[in-house]
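# Structural characterization, general
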Amino acid sequence: MSETHLRKAAADELQAFERQGQRRADADDAAFQMVLVYRQEGFAFAAVDYRIEPAAKKTILTFTVNEGPRVFVDKIELSGNAALTRKDLLPFFEQHTPDLFGQGRLLFIQSDIAAAITGIQNHYLSRGYRDVVIDAPLFSFSDDRTRATVTLHIHEGVQYVVHDIVILGDTLPEIEHFLNQSRRETIGQPYFSRKRWLLRSRLLELYGNAGYPDATVVVQEQPGSDPGMIVLEARITPGPLVTV
């Protein structure tokens, strides 16, 4: 990593050190920013130290860098993933972690691994696994610290599915067909909280198009007879018919 690159990364902190009384806190922050740059390039063990020395009428701030080896992801070990395969989950790591020079080797960058895990969790949630828990990743390194193994354990939990949709309140014969169509499209689909909002929006649209722009719809989820079954209960108040 060049001196120019490191100076640029810590430019604000170095400027603060120079202009605000040469505070040790600003030197700490500058060293931290330099370490972050190394981390983002796969130097997982990089360390930056510094010393502050008075010299005549000026102060000299000297940084000492220990880069350490660049670390690559050698293996990603997954367990607990019964519903989603390894093939489903590995792309989340590949889209966040750089492939150095197109060689098919992923750099070991902890922040990118954390982003990949967040993506995996969100994917599970979108598939109806709203109780999914992913343990903190475990890292192990080769003796020369150039290769890392990432171990991840997933607790999937139960998949939640829309088992039924119950419409309560005043229904309109002219939109019965569209209500049944919405039920068919939704029942059997993975359930996540946004499904309630989507159903409510669809019902408001149907009633608005039928001349009831002031209709109110309240959608609540109810547990079904078996674990993971969700019944969506929509209570509709049409309000007055508006004609032009």
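Attention here is on the structure that accompanies the text. Position numbers for residues start from 1 in each chain and track the written sequence from start to end. Predicted model: local features are reported for residues with pLDDT of at least 70 only, side-chain atom pairs are reported and counted for 80 or more only, and whole-chain, interface and lining totals are derived from all residues. The basis for every side-chain value is the complete set of heavy atoms in the structure, and neither hydrogens nor water enter the calculation.

## Brief notes about helix α6 (residues 176-186)
For α6, the complete set of buried residues consists of L179, S182 and T186. Taken down its axis, α6 places every buried residue within 60 degrees of arc, on the same side. Projecting away from the buried face of α6 at angles above 90 degrees are the exposed residues R184 and E185. Elements are defined by DSSP. Helices are runs of H or I of four residues or more, strands are runs of E of two residues or more, and each kind is numbered from the N terminus. In the stretch just after α6, G188 is the one whose phi turns positive, near 95 degrees. Per-residue accessibility, obtained with a 1.4 Å probe over protein chains only, is compared with the maximum for each type, and a residue is labelled buried under 20%, exposed over 50%, and partly exposed between these values. As used here, the arc is the angular range of directions from the helix axis to the C-beta atoms.

## Some thoughts on the environment of Q33
With respect to the secondary-structure elements, Q33 resides in helix α3 (residues 24-40). Distance in space between the C-alpha atoms of Q33 and Q110 is 16 Å, their sequence separation being 77 residues. Note on definitions: a residue-residue contact is assigned when non-hydrogen atoms from the two residues lie within 4.5 Å. In this structure Q33 touches A9, A10 and E13, once residues within four positions along its chain are discounted.

## Let's talk about the pairing of strand β7 (residues 147-155)
Here strand β3 (residues 72-79) pairs with β7 via seven bridges, running parallel. The residue bridging F72 from the neighbouring strand is R147, located in β7. Examined bridge by bridge, strand β5 (residues 133-134) and β7 share two bridges and lie antiparallel to one another. Of the residues in β7, the one forming a bridge with I134 is I154. Any two strands between which DSSP finds at least two bridges are classified as paired. For strand β6 (residues 138-141) and β7, the ladder comprises four bridges, and the chain directions are antiparallel.

## Quick look at the packing of aromatic side chains
Note on aromatic pairs: the rings of Phe, Tyr and Trp (six-membered ring only in Trp) are paired at centre separations within 6.5 Å, and the planes decide the class, stacked below 30 degrees, edge-to-face beyond 60, tilted for the rest. Throughout the structure, instances matching the rule amount to seven aromatic pairs. Pairing Y50 with F63 gives two aromatic rings, centres 6.2 Å apart and planes at 55 degrees, and the pair type is tilted. Of this pair, Y50 sits in strand β1 (residues 47-55) while F63 sits in strand β2 (residues 58-66); the two residues are 13 residues apart in sequence, bridging distant segments of the chain. Here F108 and F139 contribute two aromatic rings whose centre-to-centre distance is 5.1 Å and whose plane-to-plane angle is 85 degrees, an arrangement assigned as edge-to-face. With F108 in the loop between β4 (106-107) and α5 (110-126) and F139 in strand β6, this pair connects stretches of sequence that are 31 residues apart. With relative accessibility at 1%, the residue F108 sits in the buried group. Here a set of aromatic residues connected by ring pairs shows up, and it is made of F45, F108, F139 and F141.

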